[in-house]
2 protein chains.
Amino acid sequence: MKKRFFTLIVFIFSIALLIATVVADEGMWPISEIHKLALRSKGLEISPEKIFNPKGLSLIDAVVQVGATGSFVSQNGLIITNHHVAYGAVQAASTKEKDYIKHGFLARNRFEEIPAKGRTARITESYRDVSDAVLSVVKEGMDFAKRTKALEKKIKEIVAETERKNPGKRAEVAEMFSGKTYVLFIYTYLKDIRLVYVPPRSIGEFGGEVDNWMWPRHTGDFSFMRAYVGPDGSSAEYSPENVPFHPKKFLKVAPEGVDEGDFVFLLGYPGRTYRHRTSHFLAFEEEVRMPYVADWYAWQISVMEKMSEGDRAVAIKHLSRIKGLSNTMKNYRGKLKGLKRVRLVERKRKEEKALQNFIETDENLKAEYGNILEEIDKIYTQRREQAEYELILDYLRRSVNMIYFGYTAYEAAVELQKKDLERESAYMDRNFHLTKERLQLTLRNYYEPTDKVILKEMLKRAAHLPKNQRISAIDNLIQDANPENAIDDFIKKTYSETRLNETQFLMEALAKSPQELKKMKDPFIDFAEGLYPTYQKLKEVQKARKGALDKLYSKLIDVKKKFLKKDFIPDANKTLRLTFGRIRGYQPADAVYYKPITTVNGIIEKTTGEEPFDTPPKLMDLFRAKDFGRFESPTLKSVPVCILYDTDTTGGNSGSPVLNARGELVGINFDRTYEATINDFAWSEDYSRSIAVDIRYVLWVTQKFGGVDYLLKEMNVLNK
Amino acid sequence: MKKRFFTLIVFIFSIALLIATVVADEGMWPISEIHKLALRSKGLEISPEKIFNPKGLSLIDAVVQVGATGSFVSQNGLIITNHHVAYGAVQAASTKEKDYIKHGFLARNRFEEIPAKGRTARITESYRDVSDAVLSVVKEGMDFAKRTKALEKKIKEIVAETERKNPGKRAEVAEMFSGKTYVLFIYTYLKDIRLVYVPPRSIGEFGGEVDNWMWPRHTGDFSFMRAYVGPDGSSAEYSPENVPFHPKKFLKVAPEGVDEGDFVFLLGYPGRTYRHRTSHFLAFEEEVRMPYVADWYAWQISVMEKMSEGDRAVAIKHLSRIKGLSNTMKNYRGKLKGLKRVRLVERKRKEEKALQNFIETDENLKAEYGNILEEIDKIYTQRREQAEYELILDYLRRSVNMIYFGYTAYEAAVELQKKDLERESAYMDRNFHLTKERLQLTLRNYYEPTDKVILKEMLKRAAHLPKNQRISAIDNLIQDANPENAIDDFIKKTYSETRLNETQFLMEALAKSPQELKKMKDPFIDFAEGLYPTYQKLKEVQKARKGALDKLYSKLIDVKKKFLKKDFIPDANKTLRLTFGRIRGYQPADAVYYKPITTVNGIIEKTTGEEPFDTPPKLMDLFRAKDFGRFESPTLKSVPVCILYDTDTTGGNSGSPVLNARGELVGINFDRTYEATINDFAWSEDYSRSIAVDIRYVLWVTQKFGGVDYLLKEMNVLNK
């Protein structure tokens, strides 16, 4: 469950394009709703106001968005999050000579800290409901694409005005209930983030892809970073003059950890759930989209692994991408297994049948809601029909770096001709620098041989699409030739002539008008120009589809409320949520019980000496010497490594603080179990379990293995 | 943990050649010792005399050897044992058209039963200690090979005399304590055994090699056979006139099954354990023999699987052999993992050091026992030096069918010239028919292309042995030629000329003198003649080694008794043993707990539709309909499938009845857990767990799936 930096950027770009959010039964509670929860009766030992207090300081002020979630753990801006959240930055700082992924990174004092490239820390300053203002632009009978565009435009205007009134801040509008409720958030972004302590891969990523999404887990998935600000205390880019940021609030660390059955809660930014989508959506995901994407990712991974063989420098270029693809692939496969296991589509169909029966008992209901399910069905049927066409267009830009570079350059030239507020989000003044950073990050790991192989496969697939779903730019390059030969010729020519692999050339291209761009004569920019009308047409189709679904899903919620006579909470949408539960094991299969706390003994059991089970000898020695210090669990007689709990999480909860009944830090969330990958579609009392690295392991590794006593002193775990 | 028919034969042949048996700490109790166990205080609810009563009938009279262990469960000779114990006979009865392995075999009444080819049922008639008689031939200062031969000869004489006095019975002498105690058993062998009900492979072998040696398990590893005797009640070969055998005693079936924590005990014929061997033996096994054999088996399996591809008839020929090889391979790999995990060699070395220290504190002890460990070390050092040479000679005869045929024919010709009592056991009149049957069984599944590939590999390995370990017959066939070419030529010529693949020719060869044999001009018989002196020399070396080790191990036990001040029970040696314990789970890895009872729910979870997880649709339907009848566990709300318990078992315990505190049948033992494969070397409170199919699953499948009500009536589970 790794969330990488681009997630943040994708989020920023897509916030105004949110796919319909619907409601969830289960426990990702919007922070403003937690007073309804009677948390004290459930085990919380502090007042809920200590967690969230709109009128003063509370625990949420210590929680920060650093790609995924992080927490301040000292008054000097020390942030704890996952190893995999810092991964991209650690990789960016690594070279063949200084491989911080492999060996870890350790600043023995503040002055040895190095920039965490591409990382920012987002702090929530305030928020308010803006539903009325947003919805004021929707008119009865509007066509669906127009409706979507009008909402997007209004949100952009609200954001622009807010940012004008709050210089240096960023505004974002989150859609809570699809087509119903919108909340405006005002954020500060800290831009000077530095690496402090990152354990070696053999600890931070112990178990690697084998153990990813698995329990029992023994991964030390944590890292420390620090936020800096300018000498005047305001957000600033990296500078040696900058000083540590002083957060309004930081979390108290609980070195005594937790036991089985203990109450815990998490704060974090869960990404996206789809719990109230219909069976039509789920069947499309199960039968069409997820199998296609999982296979496509598996294919790309095998290409990259082959390319990486025997060359560490090439391997490092591919590492982060392979990690991201594998992660999604395994997640999808877990979901596919889970969907089958719990027969979710079948269950949904039964629920929908019951709902339809309810609707048809009453003429008024029938008039208002009678055809909702039928209409939704129609939309997904149509979507199925051109699914591969859309998937190929989507992955052509996402999987092939050169198409991504060329298309972004061409689209930028078109968009920059428009007024700021009318542009696609990625090209608005407030976002364009992030778009450029993302391109540069991709270019840093660009590897031509891999890109060629992937483009060839995509073009071959496109060449086999049915007649009514042709992509004209691709048809043009093939014409009457043998497709395979034409594709080979095209690839040979374009890659030898393009200069988009040069940072300067790429950045120059991003400042041109369409006419100027034409003169640069880059084959991938020219190819992008040919693709542009196809993508524009697809965007129109998708906006109309979203508009139609938004309206239908919004009505569906209304009638479901009437039918089930209960309220719902919104699906996860990357806004701050609280979820609570207990340290608790589960039964993954007949006759198997997984206990909720692993220990260092399990690391020793799994260690083979070969990656990803290559525990550092020093850690083995500490274990053999039973040098557990104060971090030994009295019941387990060893140092706990990971903990399991039945709270409700999803992607984006990576790095979330796990807090005990007193609101103290006992773990850093980093994964879910394989069985819990279907959390995105449904929550299960039996299977939904999330995984954190235990704070005792974090502290033990940091002190005994890393030898970084000063961090424990800074967190008040050791006396100064 | 499959024991096939040849195990029985190997046993019969090797009983007089038993490798030194030493003593065990743990619980495979000789049946005559169980009065020392205070079983009632441990949970037994019946008198121990109900289990074993030398003066009358008891439960042991219902236990029978049918390759591995079986039990009588009706007064009409109905035997229950494992599916894998019947496997060879089911395979032998199968053809491409009537595949009883795949579809199972079902006799709807007695008259539909078919012969279980190659199966016999051994019933113990009586036994007595013959140690004094056996040891009377050993003289002080005898050389080691002579000592071994003298003991072998004496045992043969005792057997011959006993059989002369007990016509129709077979006598066998079991070495209990190496070089110390010998017990004479008198057995009746029932020869007309028939198949009654064998579930399809998809039940009886559900999980296949994937689940073999694993828990949680969902294999319905049971079958029913029936023993017949002549109309006069005496043992007889198959005849339609035969009548069901009436056992002296049969087991009562307990359809209510067991619960976690319940007391259970097993009766059976555990094969061989090595618990008191020294570190030298274990290090040789761990470092040399087991890795070599596991790799060699893996290689053979891959050859056979390749040969079987796409041709079911060829696949059927290989099935049983692949099964046997895989089973041993996985067992060895489990042992290798276990030895490493518990650091057994290291532990043994420490114990031996302590023992040596003890010996050296006393001059008398030192004089008597001071150099035992050093001498044992020397023997294994020498064995290591020529390990590959011995392994190649061993597997040349075992893995290559043609060498096995040719060598047996040649050796038979030589041995049959001798007086009966002086022959190798396999060629004595009382055993020779079994030797022939075994050859025929092998010939039935002979497949020339596989045999050629395996011979080629063996010859290539032999060609690479060091100069002082050459096999002259193989050197002769290569001479000065390029080894690979010479081997290819040899194989081409021999396989095209040999007639040993014809049953009649092979059987004729077994009746010839060496001179007559020569005239048959079969290339593999001629090759065997060339190999004969090498094998004879090796046999001498091995007998001398055994003699030396017997004496050393015997003294080692004496001094260990003095040191540890306790008694030991003999290692398993295929004689009847009792072991007891409780239904109990275990922790196979950090944070994982395995519960001790699986259910049909787990079958559904594992079912993929693909072999070996291709549950029959009818069983799925029975599950979905919750048609559990009286076999549902009230606590688990499903039909239990397999049970786990902490008794002490090893190979040979396959088919052992698992009995509850009242001595009623609650399961059929068929496997151990992966972690328990090291039972052969050491027993572990934490890991040693054995696996049975639950009697409730046996009865549920037999009644509801098989529809064989009459068997349940015969076992008094249903009213007649």
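Draft legend 1. Representation of the overall build of chain A in the model. On a plain count of helices and strands, chain A comes out with 27 helices and 23 strands. Here the C-alpha atoms of chain A give a radius of gyration of 26 Å, agreeing with the 27 Å that 2.2 N^0.38 yields for 720 residues. Taken along its principal axes, the extent of the C-alpha atoms in chain A is 75 × 70 × 55 Å. Looking at the 720 residues of chain A, the share that counts as buried comes to 62%. A separation threshold of at least 6 residues defines the contact pool for chain A, and within that pool the share at least 24 residues apart is 79%. Element-wise, carbon and sulfur atoms account for 50% of the exposed surface of chain A, whose accessible area totals about 28800 Å².

Draft legend 2. Highlighting the pattern of salt bridges. All names here are of chain A. A complete count under the given rule lists 105 salt bridges over all chains for this structure. Here Asp 61 and Lys 248 are joined by a salt bridge, their closest N and O atoms 3.9 Å apart. Taken together, the residues span a long stretch of sequence, with Asp 61 in the loop between α3 (48-51) and β3 (63-66) and Lys 248 in the loop between β13 (243-244) and β14 (263-268) at a distance of 187 residues. Look at Asp 61 and you get buried, because its relative accessible area is 14%. We note a salt bridge from Arg 333 to Asp 295, for which the minimum N-O separation is 3.6 Å. Residue Arg 333 is found in helix α11 (residues 312-342), and its partner Asp 295 is found in helix α10 (residues 279-308); the two are separated by 38 residues along the sequence. Exposure remark for Asp 295: the relative accessible area of 47% places this residue in the partly exposed category.

Draft legend 3. Fine view of the interface of chain B and chain A. Counting from both sides, the interface comprises 19 residues of chain B and, opposite them, 19 residues of chain A. Across the chain B to chain A interface the summed buried area is about 1400 Å²; carbon plus sulfur atoms make up 46%. In terms of surface lost to chain A, no three residues of chain B exceed Asp 590, Ala 591 and Lys 595 of chain B, which account for 42% of the buried area on that side. Put simply, chain B and chain A have 0 salt bridges between them. Linking chain B with chain A are 11 residue pairs in polar contact (both at pLDDT 80 or more). Residue assignment for the side of chain B that touches chain A shows that the elements contributing at least two residues are β17 (586-589), β18 (592-594), β19 (597-599) and α24 (600-606) of chain B. A class-by-class count of the residues in the side of chain B that touches chain A yields 8 nonpolar, 5 polar and 6 charged. Across 3 bridges, the pairing between strand β18 (residues 592-594) of chain A and β18 of chain B is antiparallel.

Draft legend 4. How the structure looks around the packing of helix α15 (residues 387-399) of chain A against helix α23 (residues 523-564) of chain A. Residue and element names in this part refer to chain A. For the pair α15 and α23, interaxial distance at closest approach is 11 Å and the crossing angle is 120 degrees. Comparing the axis directions of α15 and α23 gives the class oblique. Read as a crossing pair, α15 and α23 show a hand that is left-handed. Residue-level contacts link Tyr 389, Glu 390, Leu 393, Leu 396 and Arg 397 of α15 to Leu 531, Thr 534, Tyr 535, Leu 538, Gln 542 and Arg 545 of α23. Broken down by class, the residue content of the contact of α15 with α23 amounts to 6 nonpolar, 2 polar and 3 charged.

Draft legend 5. Seen up close, the sheet that holds strand β21 (residues 657-659) of chain B. Residues and elements named next belong to chain B. One open sheet accounts for 8 strands, arranged β2-β16-β14-β21-β22-β23-β20-β19; its pairing is antiparallel. The open sheet has two edge strands, β2 (29-30) and β19, and neither has a second partner. Direction of pairing for strand β22 (residues 665-672) relative to strand β23 (residues 690-694): antiparallel, over a ladder of 5 bridges. Across the sheet, Ile 668 pairs through a bridge with Val 693, a residue of β23.

Draft legend 6. Broad picture of the side chain of Ser 399 of chain B. Residues and elements named next belong to chain B. Here Ser 399 shows up in helix α15 (residues 387-399). On the accessibility criterion, Ser 399 (3% relative accessible area) is buried. Ignoring anything within four residues of it in the chain, the contact list for Ser 399 reads Trp 296, Gln 300, Arg 321, Asp 451 and Ile 454.

Draft legend 7. Inspection of the nonpolar core at higher detail. Counting 136 residues, the largest nonpolar core has Ile 51, Phe 224 and Tyr 697 of chain A together with Ile 51, Phe 224 and Tyr 697 of chain B as its most contacted members. Excluding residues that lie within four positions of it along the chain, Ile 51 of chain A makes contacts with Ile 31, Ile 34, Leu 39, Leu 44, Ile 46, Ser 58, Leu 59, Ile 60, Phe 265, Leu 267 and Leu 578 of chain A.

Draft legend 8. Representation of the environment of Tyr 447 of chain A in the model. Residues and elements named next belong to chain A. With respect to the helices, strands and loops of the structure, Tyr 447 is situated in the loop between α17 (429-444) and α18 (448-463). When the C-alpha positions of Tyr 447 and Ala 298 are compared, they lie 18 Å apart, and in sequence the two are 149 residues distant. The residues touching Tyr 447, leaving out its near neighbours within four places in the chain, are Met 307, Val 314, Lys 317 and His 318.

Draft legend 9. Fine view of the relation of the copies chain B and chain A. Aligned on chain A, chain B shows an RMSD of 0.1 Å; the corresponding rotation is 179 degrees and the shift along the axis is 0.1 Å. Viewed as a symmetry operation, the transformation between the two copies matches a two-fold axis. By C-alpha distance to the rotation axis, the residue of chain B lying nearest is Tyr 593 of chain B, at 2.5 Å. Looking at the interface residues of chain B, 100% of them are also at the interface in chain A, so both copies use one shared face.

Draft legend 10. Geometry of the sheet that holds β17 of chain B. Strand order in the open sheet formed by 4 strands is β17(A)-β18(A)-β18(B)-β17(B), and the pairing between neighbours is antiparallel. Looking at strand neighbours, the two that pair on one side only are β17 (586-589) of chain A together with β17 of chain B, the edges of this open sheet. For this sheet, the mean inter-axis angle between neighbouring strands, taken without regard to orientation, is 35 degrees.

Draft legend 11. Spatial organisation of the packing of aromatic side chains. Under the counting rule described, the total for this entry stands at 62 aromatic pairs over all chains. Seen from their ring centres, Phe 358 of chain A and Phe 563 of chain A are 4.8 Å apart, and the 35 degrees between their planes marks the pair as tilted. One end of the pair, Phe 358 of chain A, is in helix α12 (residues 344-360); the other, Phe 563 of chain A, is in helix α23, and 205 residues separate them in sequence. On the accessibility criterion, Phe 563 of chain A (26% relative accessible area) is partly exposed. An aromatic cluster is present here, built from Phe 52, Tyr 127, Phe 185, Tyr 187 and Tyr 189 of chain A joined pairwise through their rings. A cation sits over an aromatic face here: Arg 170 of chain A above Tyr 189 of chain A, 5.8 Å from the ring centre. The ring of Phe 281 of chain B is capped by Arg 277 of chain B, whose NZ or CZ atom sits 4.7 Å from the centre of that ring.

Draft legend 12. Representation of the environment of Ile 525 of chain A in the model. Residues and elements named next belong to chain A. Relative to the helices and strands, Ile 525 resides in helix α23. Among the residues examined, Ile 525 registers a relative accessible area of 2% and is labelled buried. Placed 123 residues apart in sequence, Ile 525 and Met 402 show a C-alpha to C-alpha distance of 9.0 Å.

Draft legend 13. Structural context of the packing of α10 of chain A against helix α14 (residues 372-385) of chain A. Residues and elements named next belong to chain A. The contact between α10 and α14 brings their axes to 9 Å, and the two run at 15 degrees. Considered as vectors, α10 and α14 are oriented roughly parallel to each other. With respect to the hand of their crossing, α10 and α14 are arranged in right-handed fashion. Packed against α10, whose contacting residues are His 280, Phe 281, Ala 283, Phe 284, Glu 287, Val 288 and Arg 289, the element α14 presents Leu 373, Ile 376, Asp 377, Tyr 380, Arg 383 and Arg 384 at the interface. Considering only residue class, the contact of α10 with α14 consists of 7 nonpolar, 1 polar and 5 charged.

Draft legend 14. Structural view of helix α26 (residues 695-705) of chain A. Residue and element names in this part refer to chain A. Among the 11 residues of α26, 10 are classified as buried, and the element is accordingly described as predominantly covered. Listing the buried residues of α26 in full gives Ile 695, Arg 696, Tyr 697, Val 698, Leu 699, Trp 700, Val 701, Thr 702, Gln 703 and Phe 705. Two or three places before Arg 696, at the start of α26, stands the capping residue Asp 694, its side-chain oxygen 2.7 Å from that residue's backbone nitrogen. A positive phi of about 70 degrees marks Gly 707, the residue just after α26.

Draft legend 15. Inspection of the pairing of strand β20 (residues 640-645) of chain B at higher detail. Residue and element names in this part refer to chain B. With 6 of 6 residues buried, β20 lies mostly within the body of the structure. As defined by bridge partners, β19 adjoins β20 across 2 bridges and the pair is classed as antiparallel. What sits directly across from Thr 599, in β20, is Pro 640. In this structure, β20 lies alongside β23, joined through 4 bridges in antiparallel fashion. By the bridge assignment for β23, Tyr 645 is matched with Ser 690.

Draft legend 16. Region of the structure containing the pairing of β22 of chain B. Residue and element names in this part refer to chain B. The element β22 is largely enclosed, with a buried count of 8 among its 8 residues. In the sheet, β21 pairs with β22 via 3 bridges, with the strands oriented antiparallel. Its bridge partner being in β22, Pro 657 is matched across the sheet by Ile 668. A loop of 5 residues connects β21 with β22, the two strands running antiparallel in sequence, and Gly 663 in this loop sits at a positive phi of about 75 degrees.

Draft legend 17. Fine view of α15 of chain B. Here α15 of chain B contains 13 residues, and its C-alpha end-to-end distance of 17 Å stays within 8% of the 18 Å for a straight helix at 1.5 Å per residue. Considered for burial, the residues of α15 of chain B that qualify are Ala 387, Tyr 389, Glu 390, Leu 391, Ile 392, Leu 393, Tyr 395, Leu 396 and Ser 399 of chain B.

Draft legend 18. Broad picture of unusual backbone geometry. Going from Trp 215 of chain A to Pro 216 of chain A, the amide bond is cis rather than trans, its omega being 0 degrees. With respect to the helices, strands and loops of the structure, Pro 216 of chain A is situated in the loop between α9 (208-211) and β12 (223-229). The backbone of Ala 38 of chain B shows a phi angle near 50 degrees, a positive value even though the residue is not glycine. Take Ala 38 of chain B: it is sitting in the loop between β2 and α2 (39-42).

Definitions and limits used
Residues numbered from 1 in each chain as written. Chains lettered and ligands numbered in written order. Predicted model: local features only at pLDDT ≥ 70, side-chain atom pairs only at ≥ 80, totals over all residues. Heavy atoms only, no water. Helix = DSSP H or I, 4+ residues; strand = E, 2+ residues; numbered from the N terminus. Rg over C-alpha atoms; globule rule 2.2 N^0.38 Å. Buried < 20%, exposed > 50% of the residue type's maximum accessible area, 1.4 Å probe, protein only. Contact = heavy atoms within 4.5 Å. Areas by Shrake-Rupley, 256 points an atom, 1.4 Å probe, with all protein chains shown as cover. Salt bridge = Lys/Arg side-chain N within 4 Å of Asp/Glu carboxyl O. Buried area = accessible area lost by both parts, 1.4 Å probe. Polar contact = N/O pair within 3.5 Å; in protein donor to acceptor, adjacent residues only side chain to side chain. Nonpolar A, V, L, I, M, F, W, Y, C, P; charged D, E, K, R; others polar. Pairing = 2+ DSSP bridges. Axes fitted to C-alpha atoms, helices over the stretch in contact; angles between N-to-C directions. Parallel < 35°, antiparallel > 145°, perpendicular 65-115°, else oblique. Left-handed = near helix turned anticlockwise from the far one by under 90°. Core = buried A, V, L, I, M, F, W, Y, C linked by side-chain atoms within 4.5 Å. Least-squares fit on C-alpha atoms with pLDDT ≥ 70 in both. Phe/Tyr/Trp six-rings, centres within 6.5 Å; stacked < 30°, edge-to-face > 60°. Lys NZ or Arg CZ within 6 Å of the ring centre and 35° of its normal. Expected span 1.5 Å × (residues − 1).

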